[in-house]
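Coordinate analysis (summary)
As a plain string of letters, each chain reads:
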Amino acid sequence: MKLVINSLSKTYANGVHALKDVSLTLSNGMFGLLGPNGAGKSSLMRTIATLQEADKGSIFLDDLDVLKNKTEVRQLLGYLPQEFGVYPKISAERMLDHIAQLKGVGNNAERKDLVLQLLESVNLYKDRKKHLGTYSGGMKQRFGIAQALIGNPKLIIVDEPTAGLDPAERNRFYNLLSRLGENTIVILSTHIVEDVSTLCANFAIICQGEVLYAGDPETAVNELNGKIYSKVITQSELGFYKDDYQVISTQLKTGKLHIRVISEAEPDNGFISSIPNLEDVYFSNIATRIDVDTI
Ligand code: ADP
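Residues numbered from 1 in each chain as written. Predicted model: local features only at pLDDT ≥ 70, side-chain atom pairs only at ≥ 80, totals over all residues. Heavy atoms only, no water.

For the protein, an unreviewed UniProt entry supplies the name ABC transporter ATP-binding protein and the organism Mucilaginibacter rubeus. Taken directly from UniProt, the Sequence similarities (unreviewed entry) text for the protein runs: "Belongs to the ABC transporter superfamily." (UniProt positions renumbered as here; feature names shortened; annotations may be inferred.)

1. Thoughts on the overall build of the protein
When helices and strands are tallied, the protein shows 10 helices and 14 strands. Principal-axis analysis of the C-alpha atoms gives the protein an extent of 70 × 45 × 35 Å. When the 295 residues of the protein are sorted by exposure, 48% land in the buried category. Taking the intrachain contacts of the protein between residues at least 6 apart in sequence as the baseline, contacts between residues at least 24 apart amount to 68%. (Helix = DSSP H or I, 4+ residues; strand = E, 2+ residues; numbered from the N terminus. Buried < 20%, exposed > 50% of the residue type's maximum accessible area, 1.4 Å probe, protein only. Contact = heavy atoms within 4.5 Å.)

2. Looking at the pattern of salt bridges
The full count for this structure, using the stated rule, is 13 salt bridges. The salt bridge involving Lys70 is made with Glu53; its shortest N-O contact spans 3.0 Å. One end of the pair, Lys70, is in helix 2 (residues 70-76); the other, Glu53, is in the loop between helix 1 (41-48) and strand 4 (56-61), with 17 residues separating them in the sequence. Given the relative accessible area of 24%, Lys70 is considered partly exposed. (Salt bridge = Lys/Arg side-chain N within 4 Å of Asp/Glu carboxyl O.)

3. Some remarks on the pairing of strand 8 (residues 185-190)
Burial runs high along strand 8: six of the six residues are buried. Where burial is concerned, the two faces of strand 8 agree: the one with Ile185, Ile187 and Ser189 and the one with Val186, Leu188 and Thr190 are both buried. With six bridges connecting them, strand 3 (residues 29-34) and strand 8 associate as parallel partners. Across the sheet, Leu34 pairs through a bridge with Thr190, a residue of strand 8. Where strand 7 (residues 155-159) lies against strand 8, five bridges are found, and the strand directions are parallel. Within strand 8, the residue paired with Leu155 across the bridge is Ile185. (Pairing = 2+ DSSP bridges.)

4. A word on the packing of aromatic side chains
Taken as a whole and assessed by the stated rule, the structure comprises six aromatic pairs. Geometrically, the ring pair formed by Tyr241 and Phe271 is edge-to-face, given 5.9 Å between the ring centres and 80° between the ring planes. With Tyr241 in helix 9 (residues 238-244) and Phe271 in the loop between strand 13 (256-262) and strand 14 (272-273), this residue pair connects regions lying 30 residues apart in the sequence. The class of Phe271 is buried, set by a relative accessible area of 9%. (Phe/Tyr/Trp six-rings, centres within 6.5 Å; stacked < 30°, edge-to-face > 60°.)

5. Some words on helix 4 (residues 108-121)
End to end, helix 4 covers 20 Å across 14 residues, agreeing with the expected 20 Å (1.5 Å per residue, within 8%). Regarding helix 4, the residues found buried are Arg111, Val115, Leu118 and Leu119. When helix 4 is viewed along its axis, its buried side chains cluster within an angular range of 100° and face the same direction. Away from its buried face, by an angle of more than 90 degrees, helix 4 presents the exposed residues Ala109, Asp113, Gln117 and Glu120. (Expected span 1.5 Å × (residues − 1). Arc of directions from axis to C-beta.)

6. A few points about the site of the ligand
Close contacts around the ligand come from 13 residues, with Gly38, Gly40, Lys41, Ser42 and Ser43 the closest. Contacts to the ligand include Ser42, whose backbone N or O atom sits 2.7 Å from an oxygen atom. Take Arg46: an N or O atom from its side chain is 3.5 Å from a nitrogen atom of the ligand. Relative to its unbound accessible area of 560 Å², the ligand is 65% covered by the protein chains. The leading source of residues in the shell around the ligand is helix 1, at four residues. (Near = heavy atom within 4 Å. Polar contact = N/O pair within 3.5 Å; in protein donor to acceptor, adjacent residues only side chain to side chain. Areas by Shrake-Rupley, 256 points an atom, 1.4 Å probe, with all protein chains shown as cover.)

7. A look at helix 6 (residues 167-179)
If you check helix 6, its first and last C-alpha atoms are 19 Å apart, about what 13 residues at 1.5 Å a residue would give, namely 18 Å. Along helix 6, the positions that sit buried rather than exposed are Glu169, Arg170, Phe173, Tyr174, Leu176 and Leu177. Along the axis of helix 6, the buried residues cluster in a sector spanning 165°; they form a single face. Projecting away from the buried face of helix 6 at angles above 90 degrees are the exposed residues Pro167 and Arg179. Its side-chain oxygen at 3.1 Å from the backbone nitrogen of Ala168, Asp166 defines the N-terminal cap of helix 6.

Next up, the structure:
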């Protein structure tokens, strides 16, 4: 399957230009949509999920015109929104059964099998009788994936799924997501670079409604070979380095400020050549639009 997004634009009634000529092509597998808060990720996800209109452009899932065939698209879609509310006083098992019924799984025995199998696959089987209100953030996210998987979707959209999860929960969620995606397009929207480096075969960086980069993580990182340099400085020197170098990230480690710069030529002045990583790709793209200190 292929999802082809062409020149998609959206301006909200308040004048915010949330999507500017977004064009992307996605195939089966996990695709990371990476960008800071406010970049336009949710606007794009919601448009693909047929929950809001675009002003201009097109989206095709193979031959299916997504913007014109909402009902058909919804039958192929699994969606885990950013704000996934759950009814606190209902057990996971009952809630999934209810959603499966809404999604058209009418046969009782078939639905029961499906629900138990889904609970098993997201590792919530032993907690299936517990009320959703007692679930941790990670358990709620895994429940969200279970409901998104009902009906064997061909396109799965998960919007900022790892925000707010502790490291162990995040790992469990990564394991679950990595099992999807072989015969499905999975779009994972995130502002966490590690989500993309762990999971995604392809990704795009989006900022202020525009696609700044699209490709695969390995190629993106290799393109920066020999161009990333780092140095430990004091806080008060930062202004000077920002004036003279293209600083792409600053990080405090044990009270010292580590800066990374991108440079075609070797900068002297005590800089050390560093192995590039996906954060460098992300920050070097984003830094062209936003000051590094505010990222
Ligand atoms: P992200 O998911 O990357 O954080 P969003 O798509 O939520 O980004 O937001 C992109 C921009 O559009 C932001 O400036 C946001 O404030 C604005 N925005 C999002 N939804 C709406 C809306 N319904 N009405 C007006 N502005 C919106």
